[in-house]
Amino acid sequence: MEEKNLQKYENYKEQSKRLNRAINNEFYLEALFIEFAIIEDRAESILRYENNQINSDRFVSIDRKLKKIEKIAEQKKSLPNKYFSDGIIQEIFAFKEERNRMIHALMKQKLTTDELHDLAIQGKQLSNALCRKSTNYKRAVERRSRNSKEK
């Protein structure tokens, strides 16, 4: 495994442990932070697999990444359509909006532990689903590339 990929693998392994500990110990804000980072990283990877490069030298918002994924998934019979047209991107947008509402008004509103728990659980489910879809998509892109080289 390439050193860069090994480092990413180790980072994901560590953050996954931290995410589980955060949820188990009711550190829901930490869980939300980790989930959001995972979602953002997977969105960037999906765009990289599709050769829809984004300039990683500067900040690109999660909204922009998700909108690009939505756009490439619009084309029927495409690989992105197969993996990302099932509503997951819209669910992530909704999760992001609720997360932002809670975080940005943290000191101005009454939040219950149950609300944070529910959002953290939703974020974990969405980040896990996006990881699975991203991995499956990457494998499909690699198969497509191998098959086209064999022809």
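Okay, so let's go over this structure. (Residues numbered from 1 in each chain as written. Predicted model: local features only at pLDDT ≥ 70, side-chain atom pairs only at ≥ 80, totals over all residues. Heavy atoms only, no water.)

### Brief notes about helix α3 (residues 62-73)
Short version of the rule: Strands are runs of DSSP state E lasting at least two residues, helices are runs of H or I lasting at least four, and both sets are numbered from the N terminus onward. Expected span, for any helix, means 1.5 Å times one less than how many residues it has. Each residue's exposure class comes from its accessible area (1.4 Å probe, protein chains only) as a fraction of the maximum for that residue type: buried when under 20%, exposed when over 50%, partly exposed otherwise. Each C-beta atom gives one direction from the helix axis, and the arc is the one those directions make. We call two residues contacting when some pair of their heavy atoms lies within 4.5 Å.
The terminal C-alpha atoms of α3 lie 16 Å apart, and with 12 residues this matches the ideal 16 Å at 1.5 Å per residue to within 8%. Within the sequence span of α3, burial applies to Ile62, Lys65, Leu66, Ile69, Ile72 and Ala73. All buried residues of α3 project into a common sector of 125° when viewed along the axis, lining one side. Exposed residues pointing more than 90 degrees away from the buried face of α3 are listed as Lys67 and Lys71. Here the buried face of α3 lies against α2 (28-49), α4 (79-84) and α5 (88-104).

### Re the side chain of Asp41
Using the following cut-off: Here a polar contact is taken to be a pair of N or O atoms separated by no more than 3.5 Å, where protein atoms must pair a possible hydrogen donor with a possible acceptor and residues adjacent in sequence count only if both atoms sit in side chains.
Looking at where Asp41 falls in the secondary structure, it is placed in helix α2. A polar side-chain atom of Asp41 sits 2.9 Å from a polar atom in the side chain of Arg42. Every residue in contact with Asp41, bar those within four places of it in the chain, is listed here: Lys8 and Tyr12.

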